[in-house]
Amino acid sequence: MSISSKNDQNTDLAFWLKNQNASSALSQIVLAMAEAGIEIAHVAKSAALDGKSGAAGIVNVQGEEQKDLDIISNDIVLEHLKKCPSAIALVSEEVPELLINPGGEISSDDEKNYAICFDPLDGSSNIETNSAIGTIFSVLQLGVINGDYPDQNDVFAASKNQIAAGYIYYGPATLLILTIGKSVAMFAFSEVDKQFFLVQDQLTIPKTASEYSINMAYARFWDASTTTYINDCQSGKPGPRGKDFNMRWSGAMIADVHKLFVRGGVFIYPALKKPGSETGKLRFLYEALPMAMLVENAGGKAIMGKQEISGFLPSSLHQRVPVILGSKEEVEILQNLYRQKH
Ligand code: P6P
């Protein structure tokens, strides 16, 4: 489904949340993430001028070189979430341990205790090339909290109760793609009004597609299913798929996933037979899980191989998992290959 040209300047994000009967606690968290995104977009636009588009000289828990903007973006998100009493536990790509939000207040109403898992700046290696970057977040319902504070096992259990997910895409336009349950909506930031307005709700991912996103440089490390699927796509019309395919790889998950909502396709980051990537590169709690909710609520499919992403129980905060998501029929072809070959 192409993006509608309809631009409803009357429906700002807060109005949309109210219309969707979102709870005040959830609305406050979504609005805080949107405000953080607006601030990060502003900082990213001036990073080159401010000399902030480079490395911070620190290696994070992922073993990746932190960029200035990674640290700045993380601080911005944490600052905005401090205003959300329902955001009790926080998991950030940039922080090794589970954070307890200083602004959090555990509620006796277990529907008001949330964990927020986020990647403050996805694709940060793209900053120095002025390419796509974004912020990804997941809202998990913690339910009843035993003891004074939730621990990481509470967050792992809550990953089966994801109630909202979204990303903010810092591109030519600053876009917010959001689901709080059933449908997926897209909002665009207005520089004039300084807020997000609804561009389209009910985003859908076409069931079939002719485009895949994968880092081809790692082909020698792929499993047999990935290799078979990509070879068949590359064989084009004369091959088993009977049609030609295109390929895009942006280096930022948000950009390659966003394309799925525009023209369909499949995003693949498989387990790789190389040290450190044996279970893939992408992290379950703040990359795979939120993107899976968005894709599935738009009619797509999201798997780790034989099994779906949603419903998987992680065992560490920064656990990496294989990610295959996008157009339902394409993902089902891959899932069948995994079921046959593994
Ligand atoms: P590679 C960005 O670092 C990221 O986590 C995702 O946003 C992106 O899809 C992937 O890694 C790119 O990984 O191995 O191609 O650099």
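Residues numbered from 1 in each chain as written. Predicted model: local features only at pLDDT ≥ 70, side-chain atom pairs only at ≥ 80, totals over all residues. Heavy atoms only, no water.

**Considerations on the overall build of the protein chain**
Part 1 of the reasoning: Counting secondary structure elements, the protein chain contains 8 helices and 16 strands.
Part 2 of the reasoning: In terms of C-alpha radius of gyration, the protein chain reaches 19 Å, essentially the compact-globule figure of 20 Å for 342 residues.
Part 3 of the reasoning: Once the C-alpha set of the protein chain is aligned to its principal axes, its extents read approximately 60 × 45 × 40 Å.
Part 4 of the reasoning: Evaluated residue by residue, the protein chain yields a buried proportion of 56% over its 342 residues.
Part 5 of the reasoning: By sequence separation, contacts in the protein chain at least 24 residues apart represent 67% of the contacts at least 6 residues apart.
Part 6 of the reasoning: If you sum the accessible surface of the protein chain, you get close to 14,100 Å²; carbon and sulfur atoms cover 49% of it.
Part 7 of the reasoning: Each charge class in the protein chain can be summarised by its mean position, and for the 29 positive and 39 negative side chains these summaries are 8 Å apart. (Helix = DSSP H or I, 4+ residues; strand = E, 2+ residues; numbered from the N terminus. Rg over C-alpha atoms; globule rule 2.2 N^0.38 Å. Buried < 20%, exposed > 50% of the residue type's maximum accessible area, 1.4 Å probe, protein only. Contact = heavy atoms within 4.5 Å. Areas by Shrake-Rupley, 256 points an atom, 1.4 Å probe, with all protein chains shown as cover. Lys, Arg positive; Asp, Glu negative; His and termini not counted. Charge placed at Lys NZ, Arg CZ, Asp CG, Glu CD.)

**What about the site of the ligand?**
Part 1 of the reasoning: Near the ligand, the surroundings consist of 14 residues, among which Asp 122, Asn 215, Trp 249, Met 253 and Tyr 269 are the closest.
Part 2 of the reasoning: In the model, an oxygen atom of the ligand is placed 2.8 Å from a nitrogen or oxygen of the Asn 215 side chain.
Part 3 of the reasoning: Within the contact set of the ligand, an oxygen atom lies 3.3 Å away from a side-chain nitrogen or oxygen of Tyr 218.
Part 4 of the reasoning: In the complex, 86% of the free accessible area of the ligand, which totals 400 Å², lies under the protein chains.
Part 5 of the reasoning: Its residues assigned to classes, the shell around the ligand shows 7 nonpolar, 3 polar and 4 charged. (Near = heavy atom within 4 Å. Polar contact = N/O pair within 3.5 Å; in protein donor to acceptor, adjacent residues only side chain to side chain. Nonpolar A, V, L, I, M, F, W, Y, C, P; charged D, E, K, R; others polar.)

**Focus: helix H7 (residues 284-297)**
Part 1 of the reasoning: In terms of residue burial, H7 counts as a mostly covered element, since 12 of its 14 residues are buried.
Part 2 of the reasoning: Considered for burial, the residues of H7 that qualify are Phe 284, Leu 285, Tyr 286, Glu 287, Ala 288, Leu 289, Pro 290, Met 291, Ala 292, Met 293, Leu 294 and Val 295.

**Here we look at the nonpolar core**
Part 1 of the reasoning: Counting 71 residues, the largest nonpolar core has Val 155, Tyr 167, Phe 261, Leu 285 and Leu 325 as the members making the most contacts within it.
Part 2 of the reasoning: Looking at which domains feed residues into this core, each of domain 1 (13-200) and domain 2 (211-341) supplies at least three. (Core = buried A, V, L, I, M, F, W, Y, C linked by side-chain atoms within 4.5 Å. Domains from an automatic or database assignment.)

**A short note on helix H5 (residues 224-234)**
Part 1 of the reasoning: Among all positions of H5, only Ser 225, Thr 226, Tyr 229, Ile 230 and Cys 233 are buried. Buried residues along H5 cover an arc of 120° about the axis, so they all sit on one side.
Part 2 of the reasoning: In this fold, the buried residues of H5 make contact with strand S12 (211-213), strand S14 (266-269) and helix H8 (328-341).
Part 3 of the reasoning: The distance from a side-chain oxygen at the start of H5 to the backbone nitrogen of Ser 225 is 3.0 Å, and the residue carrying that oxygen is Asp 223.
Part 4 of the reasoning: A positive phi of about 65° marks Gly 236, the residue just after H5. (Arc of directions from axis to C-beta.)

**Some points on the sheet that holds strand S13 (residues 246-247)**
Part 1 of the reasoning: The strand order S13-S12-S14-S16-S15 describes an open sheet built from 5 strands, whose pairing is mixed. The outermost strands of the open sheet, each flanked by one partner alone, are S13 and strand S15 (301-303).
Part 2 of the reasoning: Where S14 meets strand S16 (residues 323-326), 4 bridges bridge the pair, whose relative direction is antiparallel. Paired with Ile 268 across the two strands is Ile 324, which belongs to S16.
Part 3 of the reasoning: On top of the sheet, H5 reaches S12 and S14; it is set at about 140° to S14, its chief contact. (Pairing = 2+ DSSP bridges. Axes fitted to C-alpha atoms, helices over the stretch in contact; angles between N-to-C directions.)

**Notes on the packing of aromatic side chains**
Part 1 of the reasoning: Scanning the entire structure with this criterion turns up 7 aromatic pairs.
Part 2 of the reasoning: Above the ring of Tyr 218, the side-chain terminus of Lys 274 is found at 4.8 Å from the ring centroid. (Phe/Tyr/Trp six-rings, centres within 6.5 Å; stacked < 30°, edge-to-face > 60°. Lys NZ or Arg CZ within 6 Å of the ring centre and 35° of its normal.)

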